[in-house]
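Examining the three-dimensional arrangement
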Amino acid sequence: LFLSCVLTFQITGNRLVAFFMALEVSATYTGSFGVVFYYDAIALALVALLLLKQVPWYLRSVIVFAAAFTDERGFLASLFAIPFFATFSKTEGSRFPRLINRDVIGIVAGMALYFIVRLWLQYRVGLSSTFEGLGLEIFVQHIRFWHAGTWFALEGGWLFVFFAVLSLLLRKQFLRLAVFLIPIV
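Bear in mind the structure is a predicted one, so any value in this text is a computation, not a measurement. (Residues numbered from 1 in each chain as written. Predicted model: local features only at pLDDT ≥ 70, side-chain atom pairs only at ≥ 80, totals over all residues. Heavy atoms only, no water.)

**Digging into the overall build of the protein**
Our working rule: In this text, helices come from DSSP runs of H or I with a minimum length of four residues, and strands from runs of E with a minimum of two, each type numbered from the N-terminal end. A 1.4 Å probe rolled over the protein chains alone gives each residue an accessible area, and that area as a share of the maximum for its type sets the label: buried under 20%, exposed over 50%, partly exposed in between. When checking whether two residues touch, look at their non-hydrogen atoms; a contact exists if any pair is within 4.5 Å. For every accessible area listed, the method is Shrake-Rupley and the probe measures 1.4 Å; residues are considered covered only by the protein chains on display.
What the protein contains, in helices and strands, is 11 helices and 0 strands. Sorting the 185 residues of the protein into buried and exposed places 28% on the buried side. Nonlocal contacts in the protein, meaning residues at least 24 apart in sequence, comprise 56% of its contacts between residues at least 6 apart. When the accessible surface of the protein is totalled, it reaches about 12700 Å², and 72% of it is carbon and sulfur.

What follows is the structure in structure tokens.
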């Protein structure tokens, strides 16, 4: 909750928006972490830490690696960091963002390292993950729950997503809009 508040303040510079974002995060799925599993909370806290300005680019690799090994959803949530850093980093004298920069490379390197270590653990040491509960049949069985799953993923937080999309459209920041919507979809 604290990291989401600090991160929102760093992005917006507005304490009221940061307060309401922390309130939103506490009211959604994250609010149940106190009684459910802590792995999700740790992985998502690492992803929030990943997005803070003060973190050096080379530590972003370590944070992504740690988030992915804590919980695979940490790996997926780290995907949101790529458009964040790809669209907010600008070179001096340029009005366009540098899509490939040290932060993006650090994040991708952490993801690659995660896959390499997972494969090494599987083939060299014999530790393997089951793929039970995965596959096309399970996917098709769960289609009827997409509407509820989509809503409960962010609950009222979809209002923030809606206003972010509207803001980007009004400011004609189509590249940032596309890079924002791709991981959501």
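**Description of the nonpolar core**
The line we're drawing: Definition of nonpolar core: a set of buried residues of the types Ala, Val, Leu, Ile, Met, Phe, Trp, Tyr and Cys, connected through side-chain atoms within 4.5 Å.
Within the largest apolar cluster, 21 residues are counted, with the highest numbers of intra-cluster contacts made by Leu-50, Leu-51, Ala-81, Phe-85 and Ile-107. Put simply, the parts of the chain that give this core at least two residues each are α3 (38-51), α4 (57-70), α5 (72-78), α6 (81-88) and α7 (102-125). Beyond its immediate chain neighbours, meaning those up to four positions away, Leu-51 contacts Leu-7, Arg-60, Ala-81, Phe-84 and Phe-85.

**With respect to the pattern of salt bridges**
How we decide: For this document, the term salt bridge refers to a Lys or Arg side-chain nitrogen within 4 Å of an Asp or Glu carboxyl oxygen.
For the structure shown, the criterion picks out 3 salt bridges. Asp-103 is the salt-bridge partner of Arg-60, the closest N and O atoms lying 2.7 Å from each other. In this pair, Arg-60 is assigned in helix α4 and Asp-103 in helix α7, connecting sequence segments 43 residues apart.

**Points about the side chain of Gln-10**
Looking at the secondary structure, you find Gln-10 in helix α1 (residues 2-12). If we skip the residues at most four places from it in the chain, Gln-10 touches Leu-52, Lys-53 and Gln-54.

**Topic: α7**
To be explicit about the condition: Expected helix span is given by 1.5 Å per residue-to-residue step, counting one fewer step than there are residues. Identification of polar contacts relies on pairs of N or O atoms within 3.5 Å, with a donor-acceptor requirement for protein atoms, meaning one able to donate a hydrogen and the other able to accept it, and with residues adjacent in sequence counted only if both atoms are side-chain atoms.
Compared with an ideal rise of 1.5 Å per residue, which puts 24 residues at 34 Å, α7 spans 33 Å between its outermost C-alpha atoms and is within 8% of the ideal. Of the residues making up α7, those classed as buried are Asp-103, Val-104, Gly-106, Ile-107, Gly-110, Met-111 and Tyr-114. By the N-cap criterion, in which a side-chain oxygen at the helix start approaches the backbone nitrogen of a residue two or three places on, α7 is capped by Asn-101, the distance to Asp-103 being 3.0 Å.

**Quick look at the packing of α4 against α7**
Stated precisely, the cut-off is as follows: Lines fitted to C-alpha atoms define the axes, with helix axes restricted to the stretch in contact, and inter-axis angles between N-to-C directions lie between 0 and 180 degrees. The scheme is simple: roughly parallel for angles under 35 degrees, roughly antiparallel for over 145, roughly perpendicular for 65 to 115, oblique for anything else. Handedness of each helix crossing follows the sense of rotation of the near helix against the far helix: counterclockwise by less than a right angle gives left-handed, clockwise gives right-handed. Under the scheme applied, nonpolar residues are Ala, Val, Leu, Ile, Met, Phe, Trp, Tyr, Cys and Pro; charged residues are Asp, Glu, Lys and Arg; polar residues are all the others, including Gly.
Running from N to C, α4 and α7 cross one another at 40°; their axes reach a closest spacing of 7 Å. Judged on the interaxial angle alone, α7 and α4 are oblique. The handedness of the crossing between α4 and α7 comes out as right-handed. Judged by residue contacts, Trp-57, Arg-60, Ser-61, Val-64, Phe-65, Ala-68 and Phe-69 of α4 engage Arg-102, Asp-103, Gly-106, Ile-107, Ala-109, Gly-110, Met-111, Leu-113, Tyr-114, Val-117, Arg-118 and Leu-121 from α7. In the contact of α4 with α7, the residues fall into 12 nonpolar, 3 polar and 4 charged.

**Things to note about unusual backbone geometry**
Positioned with a positive phi, Lys-172 is a non-glycine residue whose angle comes to about 55°. As for its position among the elements, Lys-172 is in the loop between α10 (158-170) and α11 (174-184). Overall, the relative accessible area of 61% leaves Lys-172 in the exposed class.

**What to know about a nonpolar patch on the surface**
Note the threshold: A residue counts toward a patch only above 30% relative accessible area and without a salt bridge, and it is joined to like-charged neighbours within 9 Å or, for Val, Leu, Ile, Met, Phe, Trp and Tyr, to nonpolar neighbours within 5 Å.
On the surface, a cluster of nonpolar side chains totalling about 480 Å² of accessible area is made up of Leu-16, Phe-19, Phe-20, Leu-23 and Phe-160. It is helix α2 (residues 15-27) that contributes the most residues to the nonpolar patch, 4 residues altogether. Mapping Phe-20 onto the fold places it in helix α2. Taking relative accessible area as the criterion, Phe-20 reaches 42% and is therefore assigned partly exposed.

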